[in-house]
Each structure stands twice: as structure tokens, then as C-alpha cells.
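Here is how the chains run, residue by residue.
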Amino acid sequence: RRPCRNARPRHRCFPGRATRRGGPAAELHAIFGPGGTLARDLPAYRFRPQQLAMADAIALAIETRGQLLAEAGTGTGKTFAYLVPALLSGGKVIVSTGTKTLQDQLFQRDLPLIRDALKVPVSVALLKGRGNYICHHHLDRASVQGTFASRPDAPYLPRIAASPPTPPARHHPTPPPAPPPPRPP
């Protein structure tokens, strides 16, 4: 055992395995472990002890409303390690990515895979940064006043104004669970 930098007293980190017995740690082992949910449902999945340890640390941080700074090398399985506890938490979660490529990977591939494997009823939405959208008020004002960030921007105004409106964020809803059977009178 080695003491860790976690602020909670009497907390110990065990590298390569879950830090808690029973409860969420056991559930995560049943999902991430050899022969677990992910191994059964995703043919390319392989067990990584570091991934399970990271998922457990993330689940603990969510459960205790704590803070966690996690760093892991390439091939650790970071994406699944944070998405699984996030989806299992039952609460609202915001995942911010550094690149649009990773954002698209999460939304189009990883989230549907994990959601379907875990069979959790969640809805997800994809929101790109505000720099990817145009404010219609400012667009109208620029066209009326002829004000632009730079002269080279001016020729693009007619093309931008003529483009169709941006569709709302795409959602991948999971149908709600079936209602319970009616009670006998």
C-alpha cells in the first residue's frame, strides 16, 4: 500500500485495482473485468487494470462530489474509464474535449457503444463551441451596418445569410423503461 495525495483521511490507493470493496467498485469490475459486460458486448475490448483503477477513481469522485485530476498514457482506455462512471451516475455530466475530432469520436462511436452495452437509459447532446455558431442578431446588424471584423470578411456575408439555419443539437435518446404493470384492485 502507498499513501496517495487524495485529501480524504485513511484513503489508500492500490495501483492496478479498485480501491473500494463491494458497491460501485464491484459493479465496475463486472463491467470492465475479464469476461465483464464490455468484454461480452464489444469484440475489440480487452481488460486493462489501469482502466479499471481510473474508472473507480472517477466513480468515487462523482459519488463524493470530489475533484480528481487523472493522467494516463496512450492505450489505457481513458475514454471508457470516464464515460462508464459518468453514465452510471444517473446525473447530468458535461464532457469537454480538446479537439472536435475527439468530440465526434465520443458522440458518434464511444457513447453509443457504451450506452448500448450497459443498457442505460440516457440522452446525450452534442454541442460545439460557441465559435462554431453564428448569432443571427449580429449577422443582421453586420449586413445592415456593413461592419465586419475585416474587409476580407465582407464578401462572405451573402453566402452566410443564404445558408440554411443550423439544425438543433443531435440527440441519441434511449427509450424510457416500460411502465410497471398496473396493480390489482
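Attention in this report is confined to the structure presented alongside it. (Residues numbered from 1 in each chain as written. Predicted model: local features only at pLDDT ≥ 70, side-chain atom pairs only at ≥ 80, totals over all residues. Heavy atoms only, no water.)

### Focus: helix 4 (residues 78-88)
Among the eleven residues in helix 4, eight count as buried, and that is most of the element. The first or second residue beyond helix 4 is Gly-90, which carries a positive phi of 80°. (Buried < 20%, exposed > 50% of the residue type's maximum accessible area, 1.4 Å probe, protein only. Helix = DSSP H or I, 4+ residues; strand = E, 2+ residues; numbered from the N terminus.)

### Regarding the pattern of salt bridges
Should their charged atoms come close, side chains of opposite charge can pair. By the definition in use, this model includes three salt bridges. With a closest N to O distance of 3.8 Å, Asp-41 and Lys-119 form a salt bridge. Pair noted here: Asp-41 is in helix 2 (residues 37-41) and Lys-119 is in the loop between helix 5 (100-118) and helix 6 (136-145), with a separation of 78 residues, a long-range link. On the basis of relative accessibility, which here comes to 36%, the residue Asp-41 falls in the partly exposed class. (Salt bridge = Lys/Arg side-chain N within 4 Å of Asp/Glu carboxyl O.)

### Quick notes on the nonpolar core
In a soluble, globular protein the nonpolar side chains are often hidden away together inside. Judged by nonpolar contacts, the single largest core of 26 residues is most densely connected at Leu-28, Phe-32, Leu-38, Val-84 and Ile-114. Put simply, the parts of the chain that give this core at least two residues each are helix 1 (23-32), helix 3 (49-63), helix 4 and helix 5. Considering each element in turn, this core owes the most residues, six residues, to helix 5. (Core = buried A, V, L, I, M, F, W, Y, C linked by side-chain atoms within 4.5 Å.)

### Things to note about the packing of helix 4 against helix 5
Taken N-terminus to C-terminus, the directions of helix 4 and helix 5 make an angle of 55°; their axes are 10 Å apart at the nearest point. In terms of their interaxial angle, helix 4 and helix 5 are classed as oblique. Two packed elements cross with a definite hand, and for helix 4 against helix 5 that hand is right-handed. Residues Thr-79, Phe-80, Tyr-82, Leu-83, Val-84, Leu-87 and Leu-88 of helix 4 touch helix 5, and the partners they reach there are Gln-105, Leu-106, Asp-110, Leu-111, Ile-114, Arg-115 and Leu-118. By residue class, the composition of the contact of helix 4 with helix 5 is ten nonpolar, two polar and two charged. (Axes fitted to C-alpha atoms, helices over the stretch in contact; angles between N-to-C directions. Parallel < 35°, antiparallel > 145°, perpendicular 65-115°, else oblique. Left-handed = near helix turned anticlockwise from the far one by under 90°. Contact = heavy atoms within 4.5 Å. Nonpolar A, V, L, I, M, F, W, Y, C, P; charged D, E, K, R; others polar.)

### A few points about the packing of helix 3 against helix 4
The contact between helix 3 and helix 4 brings their axes to 8 Å, and the two run at 35°. The way helix 3 lies across helix 4 gives a crossing that is right-handed. Note on element contacts: helix 4 touches helix 3 through Lys-78, Phe-80, Ala-81, Tyr-82, Pro-85 and Ala-86, opposite Gln-51, Met-54, Ala-55, Ile-58, Ala-59 and Ile-62. A class-by-class count of the residues in the contact of helix 3 with helix 4 yields ten nonpolar, one polar and one charged.

### A short note on the layout of surface pockets
Sizing a probe to match a water molecule and rolling it over the atoms shows the empty space that remains. Taken as a whole, the second largest pocket encloses approximately 640 Å³ of empty space. Only helix 4 and helix 5 provide two or more residues apiece to the lining of the second largest pocket. With four residues, helix 5 is the largest single contributor of residues to the lining of the second largest pocket. Along the lines of polarity and charge, the residues of the lining of the second largest pocket split into 14 nonpolar, six polar and one charged. (1 Å grid on protein atoms, 1.4 Å probe; cavity = no way out; pocket = protein on both sides within 12 Å on 5 of 7 lines; lining within 4 Å. Points joined across faces, edges and corners; volume = space filled by probe spheres on them.)

### Details of a nonpolar patch on the surface
A contiguous nonpolar patch, built from Ile-134, Tyr-156 and Ile-160 and spanning about 270 Å² of accessible area, is present on the exposed surface. Note that Tyr-156 resides in the loop between helix 6 and helix 7 (157-162). (Patch = residues over 30% accessible without salt bridge, like charges linked within 9 Å, V, L, I, M, F, W, Y side chains within 5 Å. Areas by Shrake-Rupley, 256 points an atom, 1.4 Å probe, with all protein chains shown as cover.)

### With respect to helix 5
Here helix 5 contains 19 residues, and its C-alpha end-to-end distance of 25 Å stays within 8% of the 27 Å for a straight helix at 1.5 Å per residue. The largest bend in helix 5 amounts to roughly 40° and is located at Leu-106. Taken together, the buried positions of helix 5 are occupied by Gln-103, Leu-106, Phe-107, Asp-110, Leu-111, Pro-112, Ile-114, Arg-115, Ala-117 and Leu-118. Looking at the residues trailing helix 5, positive phi occurs at Lys-119, about 55°. (Expected span 1.5 Å × (residues − 1). Bend = angle between axes of the 7 residues up to and from the residue.)

Any link to function would need more than the numbers given here.
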